[in-house]
Amino acid sequence: DGGSNTKRRPRIVYVGDGSNDACPALHVLNEDDVLLARNGKRISNPNNKIGSQEDANPDELTESNEGSSFPILSVLKKAKEKRGLVPKCRVYAWNSGKELRALVRSLLDET
């Protein structure tokens, strides 16, 4: 059998928000894969019963209730600036559950 019998692995859709999620994006995911990177600010008190996070209006955030940023996109930017590393995969940013759901649905429609 002289033919190549290599199987392609399934596409990976990786959802990440932390700085540790940059490693798979930079070193594991390939051209067929997708990184869905969380953007925006963390909720200062995720146990607060003010409604769902996806319904929050970013214009209503004030300095007193803004949380820290999700670091994955800034870590990817620093990797490019300092070491010339860029993800091979497609990268999409999302900020709410509604945005994430829409991205996943659009990716499913591609198949």
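Structure report, in brief. (Residues numbered from 1 in each chain as written. Predicted model: local features only at pLDDT ≥ 70, side-chain atom pairs only at ≥ 80, totals over all residues. Heavy atoms only, no water.)

### A few points about the nonpolar core
Residues A22, A25, L26, L29, L35, A37, I72, L76, A79 and C89 constitute the largest nonpolar core, which totals 10 residues. Among the secondary structure elements, those contributing two or more residues to this core are α1 (22-27), β2 (34-38) and α2 (72-83). Among residues more than four places away in sequence, those in contact with C89 are A25, L29, N30, D33, V34 and L35. Judged by nonpolar contacts, the second largest core, of 6 residues, contains V34, W94, L103 and L107. (Core = buried A, V, L, I, M, F, W, Y, C linked by side-chain atoms within 4.5 Å. Buried < 20%, exposed > 50% of the residue type's maximum accessible area, 1.4 Å probe, protein only. Helix = DSSP H or I, 4+ residues; strand = E, 2+ residues; numbered from the N terminus. Contact = heavy atoms within 4.5 Å.)

### Regarding the side chain of D33
The residue D33 is located in the loop between α1 and β2 in this model. Residue classification places D33 among the buried positions, given a relative accessible area of 0%. Here the side chain of D33 touches R9 through a polar contact of 2.4 Å, side chain to side chain. One polar contact links the side chain of D33 to the main-chain amide nitrogen of N30, over a distance of 2.8 Å. (Polar contact = N/O pair within 3.5 Å; in protein donor to acceptor, adjacent residues only side chain to side chain.)

### Re helix α3 (residues 97-110)
In an α-helix there are 3.6 residues to a turn, and that puts residues three or four apart on one side. Relative to the 20 Å expected for 14 residues at 1.5 Å per residue, α3 spans 20 Å between its end C-alpha atoms, a close match to the ideal helical length. Among all positions in α3, only L100, L103 and L107 are buried. The buried residues of α3 all sit within an arc of 65° when viewed along its axis, so they share a single face. Of the residues in α3, the exposed ones pointing more than 90 degrees away from the buried face are R105, L108 and D109. Where α3 is buried, its residues contact β1 (13-16), β2 and β5 (90-94). (Expected span 1.5 Å × (residues − 1). Arc of directions from axis to C-beta.)

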